[in-house]
Amino acid sequence: MKEKESEEEIKEKEVEKKEEEKEKEKEEMITAAVLFIEQELAIKEKADWHRVTADQLTKLGIAKFVQRFGLKYMLTVAYPSEQWDEDYLTLNTLKRKDKRKEIHS
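What you are looking at is a predicted structure, and each value in this text was computed from that prediction instead of being measured.

**Observations regarding helix 4 (residues 71-78)**
All of the buried residues along helix 4 are L71, M74, L75, V77 and A78. Down the axis of helix 4, the buried set is contained in an arc of 160°. They therefore lie on one face.

What follows is the structure, encoded as structure tokens:
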């Protein structure tokens, strides 16, 4: 019975390791995307992120990727020591305005 338990433990550890690797890969992709956006839009400081628009991201071909994860989450992954306020990220503000228009229409 101990052998089965240890086999199960080994399998559990393998699954956990694979999940950790996937998470790390995702975080690396997100960080690379943030760095790409910074380079292409000449973002030099935190405040510059407040003026990033959906149109700019669409032109860069990365809008769907950002939409999938959310800009705040991406910035948090790339810069974990920084605090990001969604209210000041233009991209998120535009989304909320669009939703309000849809509701009132």
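Still more to cover.
**Points about the packing of aromatic side chains**
Here the structure, examined in full by the defined rule, presents three aromatic pairs. With 6.4 Å between their ring centres and 45° between their planes, Y79 and W84 make a pair best called tilted. Residue Y79 is classed as partly exposed on the basis of its relative accessible area of 28%. For W84, a relative accessible area of 8% corresponds to the buried category. Chaining the aromatic ring pairs together yields one cluster made of F65, F69 and Y73. A cation over a ring is seen here: K46 above W84, with NZ or CZ 5.0 Å from the ring centre.

**Digging into the side chain of D48**
Tracing the backbone through its elements, the reader meets D48 in the loop between helix 1 (2-40) and helix 2 (54-60). Of note is the side chain of D48, whose polar atom sits 2.8 Å from the backbone nitrogen of K44. Those residues in contact with D48 that lie beyond four places of it in its chain are A42 and I43.

**Brief notes about a negative patch on the surface**
Judged by side-chain charge, E5, E7, E8, E9, E12, E16, E19, E20, E21, E25, E27 and E28 come together as a negatively charged surface patch. Position of E25 among the secondary structure elements: in helix 1.

**Quick word on the nonpolar core**
Ranked by size, the top nonpolar core spans 19 residues in total, and within it I37, W49, V66, M74 and L75 carry the most contacts. Residue assignment for this core shows that the elements contributing at least two residues are helix 1, helix 3 (63-69) and helix 4. Leave out the neighbours within four places in its chain, and I37 touches I43, W49, L57, L60, I62 and V66.

**Comments concerning the environment of A63**
With respect to the helices and strands, A63 occurs in helix 3. On the basis of relative accessible area, A63 is assigned to the partly exposed category, the value being 23%.

**Re the pattern of salt bridges**
The full count for this structure, using the stated rule, is three salt bridges. Here E82 makes a salt bridge to K46, at a shortest N to O gap of 3.4 Å. Of this pair, E82 sits in the loop between helix 4 and helix 5 (90-104) while K46 sits in the loop between helix 1 and helix 2, placing them 36 residues apart in sequence. Using a relative accessible area of 33% as the deciding quantity, one classes E82 as partly exposed. In this structure K46 comes out as partly exposed when scored by relative accessible area, which is 32%.

Cut-offs and rules
- Residues numbered from 1 in each chain as written.
- Predicted model: local features only at pLDDT ≥ 70, side-chain atom pairs only at ≥ 80, totals over all residues.
- Heavy atoms only, no water.
- Buried < 20%, exposed > 50% of the residue type's maximum accessible area, 1.4 Å probe, protein only.
- Helix = DSSP H or I, 4+ residues; strand = E, 2+ residues; numbered from the N terminus.
- Arc of directions from axis to C-beta.
- Phe/Tyr/Trp six-rings, centres within 6.5 Å; stacked < 30°, edge-to-face > 60°.
- Lys NZ or Arg CZ within 6 Å of the ring centre and 35° of its normal.
- Polar contact = N/O pair within 3.5 Å; in protein donor to acceptor, adjacent residues only side chain to side chain.
- Contact = heavy atoms within 4.5 Å.
- Patch = residues over 30% accessible without salt bridge, like charges linked within 9 Å, V, L, I, M, F, W, Y side chains within 5 Å.
- Areas by Shrake-Rupley, 256 points an atom, 1.4 Å probe, with all protein chains shown as cover.
- Salt bridge = Lys/Arg side-chain N within 4 Å of Asp/Glu carboxyl O.
- Lys, Arg positive; Asp, Glu negative; His and termini not counted.
- Charge placed at Lys NZ, Arg CZ, Asp CG, Glu CD.
- Core = buried A, V, L, I, M, F, W, Y, C linked by side-chain atoms within 4.5 Å.

Coordinates in, geometry out; function isn't part of it.
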